[in-house]
Amino acid sequence: MIERIWSGRSPLWLLLWPLSLLYGAITALIRFSYRRGWRKSWRAPLPVVVVGNLTAGGNGKTPVVIWLVEALQQRGLRVGVVSRGYGGKADHYPLRVTTQTGTDQAGDEPVLIAQRTGAPVAVAPRRRQAIEALLQQGPLDVIITDDGLQHYALQRDREIVVVDGQRRFGNGWWLPAGPMRERASRLQQVDAVIINGGDALAGEIAMHLQPGLATNLLTGETCPLQQLREVVAMAGIGHPPRFFNTLKQQGMTPLAEVAFADHHAYSEDELTRLLQPGQQLLMTEKDAVKCRPFAQPSWWYLPVDARLSGQAVTPLLDDIEQLSRRTS
């Protein structure tokens, strides 16, 4: 239903329109208060690059963060990552993500980023605290913030926005009548716009998600996706149909497609009930980091990597590297 409302296919968005106006007014006032200095923002002692979005719901932001971290690491930069840690509830903040940190504490995305990149990761509702925690552990050249485009309490040196190329901006209205956190005109002020799927327009960077090998949660065994049989697919991400469409594009037709809410806290029992004897469960890597503690032999996940193309990719990385080396 929410997709129909946000896309404009359902007239119910009109009922929510007054609340959208209120949301837009509040967010505009918050940003204006920081620009005028009425509210204080903090500048970190090293460059900060925000990877965020203008809309609610999965745009492919986390794969872009992983791609950016790995690309900068390959250039010899020491990269740290900070996040709000949505979906996690830690006993204290800031929280440094380690190999022992659970998704119930840090959230699924920070744990996934730490596992994939090996970069130091910290979470805190106030990103300043997370950055300070990382700097206490050792020197860094640049900080990447996973989300936080609207977290104006933290000054940033570069802004990258990820856009779902299929859905774009829906009906264009603020939450809750539409998907927008800020209006599309905000793109004119950012440093790079990455389009996940669909057709990139002039000045935008095209991106697609490249599936890897299916990986067993329990054993780490890998195999081509097509070798899995009797598959039930599940996804608890911002936009589950993207995962299910990826499977179809790879020639797989699951027996069932089960969608959960983004950041859903799974239990062993609810996932076990999804399968009949002889069937296999296939999930996203983001789901896998939450399910690994109670994984079963028939549970698999499909990792994906962001692949960016276009003439603007190398200049973007060059710019961040030069910025980091000037201030290091």
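The rules we used
- Residues numbered from 1 in each chain as written.
- Predicted model: local features only at pLDDT ≥ 70, side-chain atom pairs only at ≥ 80, totals over all residues.
- Heavy atoms only, no water.
- UniProt positions renumbered as here; feature names shortened; annotations may be inferred.
- Salt bridge = Lys/Arg side-chain N within 4 Å of Asp/Glu carboxyl O.
- Helix = DSSP H or I, 4+ residues; strand = E, 2+ residues; numbered from the N terminus.
- Buried < 20%, exposed > 50% of the residue type's maximum accessible area, 1.4 Å probe, protein only.
- Phe/Tyr/Trp six-rings, centres within 6.5 Å; stacked < 30°, edge-to-face > 60°.
- Lys NZ or Arg CZ within 6 Å of the ring centre and 35° of its normal.
- Pairing = 2+ DSSP bridges.
- Contact = heavy atoms within 4.5 Å.
- Axes fitted to C-alpha atoms, helices over the stretch in contact; angles between N-to-C directions.
- Right-handed = clockwise from strand over helix to strand, strands pointing away.

The chain appears in an unreviewed UniProt entry as Tetraacyldisaccharide 4'-kinase from Pantoea anthophila. Recorded under Catalytic activity (unreviewed entry), the UniProt text for the chain is reproduced unchanged: "a lipid A disaccharide + ATP = a lipid IVA + ADP + H(+)". According to UniProt, the comment filed for the chain under the heading Pathway (unreviewed entry) is "Glycolipid biosynthesis; lipid IV(A) biosynthesis; lipid IV(A) from (3R)-3-hydroxytetradecanoyl-[acyl-carrier-protein] and UDP-N-acetyl-alpha-D-glucosamine: step 6/6."

Asks: Describe the pattern of salt bridges, listing the residues and the values that go with them.
Replies: Inspection of the entire model under this criterion finds 23 salt bridges. Between Asp319 and Arg158 there is a salt bridge, with the nearest N and O atoms lying 2.5 Å from each other. On the criterion of sequence distance, the pair formed by Asp319 in helix α10 (residues 313-327) and Arg158 in strand β6 (residues 158-164) is long-range, its members being 161 residues apart. Judged by its relative accessible area of 25%, Asp319 is partly exposed. Taking relative accessible area as the criterion, Arg158 reaches 17% and is therefore assigned buried. A single salt-bridge network, built from bridges that share partners, covers Lys61, Glu109, Asp146, Asp262 and Lys286.

Asks: Lay out the packing of aromatic side chains with the relevant residues and their values.
Replies: Each aromatic ring pair is characterised by the separation of its centres together with the angle its planes make. A complete count under the given rule lists 6 aromatic pairs for this structure. Here the aromatic rings of Phe32 and Trp38 are separated by 5.3 Å at their centres, their planes lie at 80 degrees, and the arrangement is edge-to-face. Judged by its relative accessible area of 56%, Trp38 falls in the exposed class. Their ring planes at 65 degrees and their centres at 6.0 Å tell us that Trp173 and Trp174 sit as a pair that is edge-to-face. An aromatic cluster of three or more residues is present, and its members are Trp17, Trp173 and Trp174. Taking the ring centre of Trp173 as reference, the NZ or CZ of Arg183 above it sits at 5.0 Å. Over the ring of Trp174 we find Arg183, and its NZ or CZ is 4.8 Å from the ring centre.

Asks: Describe in detail the sheet that holds strand β14 (residues 299-302), supporting the description with residues and values.
Replies: Overall, mixed pairing links the 6 strands, which are arranged β10-β9-β14-β13-β11-β12 in an open sheet. Each of the sheet's edge strands pairs with one partner strand only, and the pair in question is β10 (222-223) and β12 (256-259). Note: strand β13 (residues 280-284) against β14, 4 bridges, orientation parallel. Counterpart to Leu281 in the pairing with β14 is Trp299. Sheet contacts for helix α7 (residues 240-249): β11 (231-235), β12, β13 and β14; angle to β11, the most-contacted strand, approximately 150 degrees.

Asks: Run through the sheet that holds strand β4 (residues 121-123), naming residues and quoting values.
Replies: Strand-to-strand pairing in sheets goes through backbone hydrogen bonds, with the strands running parallel or antiparallel. Taking strand neighbours across the sheet as the criterion, the 9 strands line up as β3-β4-β2-β5-β1-β6-β7-β8-β15 in an open arrangement whose pairing is mixed. Every interior strand has two partners, whereas the edge strands, β3 (95-97) and β15 (304-309), have only one. Recorded for the sheet is a direction-independent mean angle of 25 degrees between the axes of neighbouring strands. The pairing of strand β1 (residues 48-52) with strand β5 (residues 142-146) spans 4 bridges and is classified as parallel. Bridge assignment links Val48 to a residue of β5, and that residue is Ile143.

Asks: Account for the pairing of β14, naming residues and giving values.
Replies: In summary, the side chains of a regular strand alternate between the two faces of the sheet. Residues Trp299 and Tyr301 point to one face of β14 and Trp300 and Leu302 to the other, with burial holding for every one of them. Judged from the 2 bridges that link them, strand β9 (residues 214-216) and β14 form a sheet pairing that is antiparallel. In the strand pairing of β14, Thr215 is matched with Tyr301. Taken together, β13, helix α9 (residues 285-291) and β14 constitute a β-α-β crossover, and its handedness is right-handed.

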